[in-house]
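Okay, here's what each chain looks like letter by letter:
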Amino acid sequence: GEILAGGEEDLVVDQDQDESFFEVVDSGEHQNEQTNLIDAVVGKLEEILVDEIFETARMDFCRSNCGVFDESEENKLEYTALFRNFSELVEKTLEERLKVEFPQFTVPWFVDMLKDKPCDGDVFDMLFGLTDFQEFKEMMVSFKKEKEVESGEPSKEMAVCRMRIYSEEQEDGDARPDLDDLASVVPLAN
């Protein structure tokens, strides 16, 4: 068919059929503008999420609050308040940084733009990970373990102690430790 320009819409004339057939087709110009805007916001969002300033704020929050968390399946009320604070920190930081380039940016505005659009890719995985309670709890427990290792504090789950190595006298060679006695598992006292 032949395409005749018509502003926002194009007129398509199909000459392959015996009768004249006219069809109005949306040029997609509005969708392209919106898609370009979404791509630009997502690109900036990705920059912010891997940015040193954002990562430092996230890590500072985690390090200062991870002591409250443990690996039990029970979720304490305290976790919910910390998760809310963390979510507010993330949202506020992202919104402030994105408003510099996109003055109209708000989280509800962005969510509205994304409805009916596929939200896949690394940036969305990172974003959803930051807003998922279970992921948040796992991150906090991980920070707590890391902090314990860095500080040299023994973990409550496992204690490591030095084993005494005994050697047997052997008549025909060097003394060797009894390898079966090198490791032992002992319950920790509570």
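Structure first, text after, so check above.
Anyway, here's the lowdown on the structure attached to this text.

About the criteria used
Residues numbered from 1 in each chain as written. Predicted model: local features only at pLDDT ≥ 70, side-chain atom pairs only at ≥ 80, totals over all residues. Heavy atoms only, no water. Helix = DSSP H or I, 4+ residues; strand = E, 2+ residues; numbered from the N terminus. Buried < 20%, exposed > 50% of the residue type's maximum accessible area, 1.4 Å probe, protein only. Areas by Shrake-Rupley, 256 points an atom, 1.4 Å probe, with all protein chains shown as cover. Polar contact = N/O pair within 3.5 Å; in protein donor to acceptor, adjacent residues only side chain to side chain. Phe/Tyr/Trp six-rings, centres within 6.5 Å; stacked < 30°, edge-to-face > 60°. Axes fitted to C-alpha atoms, helices over the stretch in contact; angles between N-to-C directions. Parallel < 35°, antiparallel > 145°, perpendicular 65-115°, else oblique. Contact = heavy atoms within 4.5 Å. Nonpolar A, V, L, I, M, F, W, Y, C, P; charged D, E, K, R; others polar.

1. Observations concerning the overall build of the chain
When you go through the chain residue by residue, the secondary structure sums to 6 helices and 3 strands. Ordered by position from the N terminus, the helices and strands of the chain form the series β-β-β-α-α-α-α-α-α. The buried share of the chain, reckoned over its 190 residues, is 22%. Here the chain displays about 14400 Å² of accessible surface, and carbon together with sulfur accounts for 50% of that area.

2. Remarks on the side chain of Asp51
With respect to the element layout, Asp51 can be found in the loop between α1 (29-50) and α2 (52-65). At a separation of 2.9 Å, a polar atom in the side chain of Asp51 contacts the side chain of Arg97.

3. A closer look at the packing of aromatic side chains
Counted under the stated rule, the structure contains 8 aromatic pairs. When the ring of Phe83 is compared with that of Phe136, the centres are 5.2 Å apart and the planes differ by 55°; the resulting orientation is tilted. Of this pair, Phe83 sits in helix α3 (residues 77-101) while Phe136 is found in helix α6 (residues 133-151), placing the two residues 53 residues apart along the sequence. The burial state of Phe83 is the same as that of Phe136; both residues are buried. Between the aromatic rings of Phe86 and Phe136, the centroid separation amounts to 5.2 Å while the plane-to-plane angle is 35°, which identifies the pairing as tilted. Here the residue Phe86 occupies a position in helix α3, and Phe136 occupies one in helix α6, the gap between them amounting to 50 residues. Phe86 sits in the buried class, given a relative accessible area of 0%. Taken together, the ring pairs connect Phe61, Phe69, Tyr79, Phe83, Phe86, Phe133 and Phe136 into an aromatic cluster.

4. Brief notes about the packing of α3 against α6
The N-to-C vectors of α3 and α6 enclose an angle of 100°; their axes lie 11 Å apart at closest approach. With respect to α6, the axis of α3 lies roughly perpendicular. Of the residues in α6, those touching α3 at Tyr79, Thr80, Leu82, Phe83 and Phe86 are Phe133, Phe136, Lys137 and Met139. Of the residues assigned to the contact of α3 with α6, the class counts are 7 nonpolar, 1 polar and 1 charged.

5. A few points about the side chain of Asn65
Structurally, Asn65 is set in helix α2. For Asn65, the side chain forms a polar contact with the main-chain oxygen of Phe61, separated by 2.8 Å. Contacts of Asn65, omitting those with residues within four sequence positions, involve Leu82 and Met140.

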